[in-house]
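Results of the structural survey
Residues per chain are reported as follows:
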Amino acid sequence: MGIQDLLVEGDSSLIINCVNEKFKCPWRLIQIIQDIKKIASSFHRIHFHHNFREANFVANALANLGHHCARPSFWDSDFPLVVGSTITFDLFGAGCFRGFAL
């Protein structure tokens, strides 16, 4: 792909803080954090930033949908209708308050 600089945003403050070495990594996450760091080492520059789930609600809707898929799925342009409302909501620049669900 040729991507050298990357900003990774995630809604798990625990994971982001462990990757950024702000927190001591709990034993149950050590392998995941090591895997993330191994992949991260292939980029020239990479930053990990925490976002609240509500600020990333389209990705959260897609992740929840993917979690419930019986087999691996790939969406390159036409997203499933079930996440269409979140995409429309985001296109209009509407915010999403904590605790709010579409």
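Above this note sits the structure.
Scope of this entry: the structure provided in the associated data block.

Rules used throughout
Residues numbered from 1 in each chain as written. Predicted model: local features only at pLDDT ≥ 70, side-chain atom pairs only at ≥ 80, totals over all residues. Heavy atoms only, no water. Helix = DSSP H or I, 4+ residues; strand = E, 2+ residues; numbered from the N terminus. Buried < 20%, exposed > 50% of the residue type's maximum accessible area, 1.4 Å probe, protein only. Contact = heavy atoms within 4.5 Å. Areas by Shrake-Rupley, 256 points an atom, 1.4 Å probe, with all protein chains shown as cover. Core = buried A, V, L, I, M, F, W, Y, C linked by side-chain atoms within 4.5 Å. Salt bridge = Lys/Arg side-chain N within 4 Å of Asp/Glu carboxyl O.

1. Let's talk about the overall build of the protein chain
If you tally the helices and strands in the protein chain, you get 4 helices and 2 strands. Ordering the α and β elements of the protein chain from the N terminus gives β-α-α-β-α-α. The proportion of buried residues among the 102 residues of the protein chain is 20%. Considering only intrachain contacts with a sequence separation of at least 6, the fraction spanning at least 24 residues in the protein chain is 54%. Total accessible area on the protein chain stands at roughly 8000 Å², and carbon and sulfur atoms take up 59% of it.

2. Section: the nonpolar core
The tendency in soluble globular proteins is for nonpolar side chains to be buried side by side. In terms of nonpolar packing, the biggest core is built from 7 residues, these being Ile 16, Cys 18, Val 19, Leu 29, Ile 33, Ala 40 and Phe 48. Of all the elements in the fold, those that place two or more residues in this core are α1 (13-19) and α2 (30-40). With residues near it in sequence (within four places) discarded, Leu 29 still touches Leu 14 and Ile 15. Formed by 5 residues, the second largest nonpolar core is a distinct cluster that contains Phe 57, Val 58, Ala 61 and Leu 62.

3. Focus on unusual backbone geometry
Negative phi values dominate among residues other than glycine, just as trans dominates among peptide bonds. Although it is not a glycine, Glu 21 adopts a positive phi angle of roughly 60°. As for its position among the elements, Glu 21 is in the loop between α1 and α2. Residue Glu 21 is classed as exposed on the basis of its relative accessible area of 61%.

4. Concerning the side chain of Asn 17
Checked against the element boundaries, Asn 17 lands in helix α1. Since its relative accessible area comes to 17%, Asn 17 is described here as buried. Asn 17 has contacts with Lys 22 and Phe 23, leaving out every residue within four places of it along the chain.

5. Points about the pattern of salt bridges
By the definition in use, this model includes 2 salt bridges. With a closest N to O distance of 3.3 Å, Arg 45 and Asp 5 form a salt bridge. In this pair, Arg 45 sits in strand β2 (residues 45-50) while Asp 5 sits in strand β1 (residues 5-10), placing the two residues 40 residues apart along the sequence.

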